[in-house]
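Tertiary structure, described
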Amino acid sequence: MVVRESELPGIGRKFEIDTQEGNRIVIILHDDGRREVYYFDKRDLEESAFDITLNDTEARQLAAILGGMIYKPKAMETIEVAFNDLIIEWYKVESGAKAHNKTIGDIDVRSNYDVTIIAIMKGPKTKLSSPGPDTVIEEGDTLVISGERGNLKRLITELLSKGGSA
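All of these numbers come straight from a predicted model, not from anything done at the bench.

**Observations regarding the overall build of the protein chain**
Helices and strands together make up the secondary structure of the protein chain, namely four helices and 12 strands. Across the 166 residues in the protein chain, those meeting the buried criterion constitute 34%. Summarising the internal contacts of the protein chain: among those between residues at least 6 apart in sequence, 41% fall at separations of at least 24. Accessible surface computed for the protein chain: about 10,500 Å², of which carbon and sulfur atoms make up 51%.

This is the structure in structure tokens:
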């Protein structure tokens, strides 16, 4: 995938994405918060096949859906996104994990592991963004965690996996 970015003076920024299949998506982020999305089929990269205009709220909701923040396919038990040394990973708390029935404050992941719990998905309908220290971690919860790879692996091994060694 190739992404090109350019400034549109007085308008905002333009991003052109060439997909692996040869299609093109053009996104224009206006300074006023609007987003325009254009799709070009590989058979005609000169004329857009369709376009859509979204306000800021709609664009953020679509980004959350596309980015997997709203729904994570069942086949994917873990997924990670890398930003240099910072990793964001989804991890399902296993049966028998040491963190089960403990609060975020009890396990103190920030101090002990240098990891942040960004969100917790408790079943298909309950999503907790920025959970507080009183939030209880339960078996089957999916934690969205952020930190360096080694710290995440240590947290997962010691507290979130069955038979952890904390």
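**What about the pairing of strand β3 (residues 24-30)?**
Alternating positions in β3 separate cleanly, Arg24, Val26, Ile28 and His30 being buried on one face and Ile25, Ile27 and Leu29 remaining unburied on the opposite face. Pairing geometry for strand β2 (residues 12-18) and β3, over seven bridges, is antiparallel. Paired with aspartate 18 across the bridge in β3 is arginine 24. Linking β2 to β3, which pair antiparallel, is a turn of five residues; within it glycine 22 sits at a positive phi near 95 degrees. Pairing geometry for β3 and strand β4 (residues 35-40), over six bridges, is antiparallel. Within β4, the residue paired with isoleucine 27 across the bridge is valine 37. Between β3 and β4, which pair antiparallel in sequence order, lie four residues; one of them, glycine 33, sits at a positive phi of approximately 100 degrees.

**A short note on the pattern of salt bridges**
In the structure shown here, the tally under the stated rule is 12 salt bridges. When the shortest N-O distance is used, the salt bridge between arginine 4 and glutamate 16 registers 3.5 Å. Within this pair, whereas arginine 4 is found in strand β1 (residues 2-8), its partner glutamate 16 is found in strand β2, the two being separated by 12 residues in sequence. Taking relative accessible area as the criterion, glutamate 16 reaches 18% and is therefore assigned buried. The partner of aspartate 141 in a salt bridge is lysine 122, and the shortest N-O contact between them spans 2.6 Å. Note that aspartate 141 is positioned in the loop between β11 (136-137) and β12 (142-148) and lysine 122 in strand β9 (residues 116-122), a separation of 19 residues in sequence. Three or more residues are tied together by salt bridges with common partners; here these are Arg4, Lys14, Glu16, Asp18 and Arg24.

Parameters and conventions
Residues numbered from 1 in each chain as written. Predicted model: local features only at pLDDT ≥ 70, side-chain atom pairs only at ≥ 80, totals over all residues. Heavy atoms only, no water. Helix = DSSP H or I, 4+ residues; strand = E, 2+ residues; numbered from the N terminus. Buried < 20%, exposed > 50% of the residue type's maximum accessible area, 1.4 Å probe, protein only. Contact = heavy atoms within 4.5 Å. Areas by Shrake-Rupley, 256 points an atom, 1.4 Å probe, with all protein chains shown as cover. Pairing = 2+ DSSP bridges. Salt bridge = Lys/Arg side-chain N within 4 Å of Asp/Glu carboxyl O.

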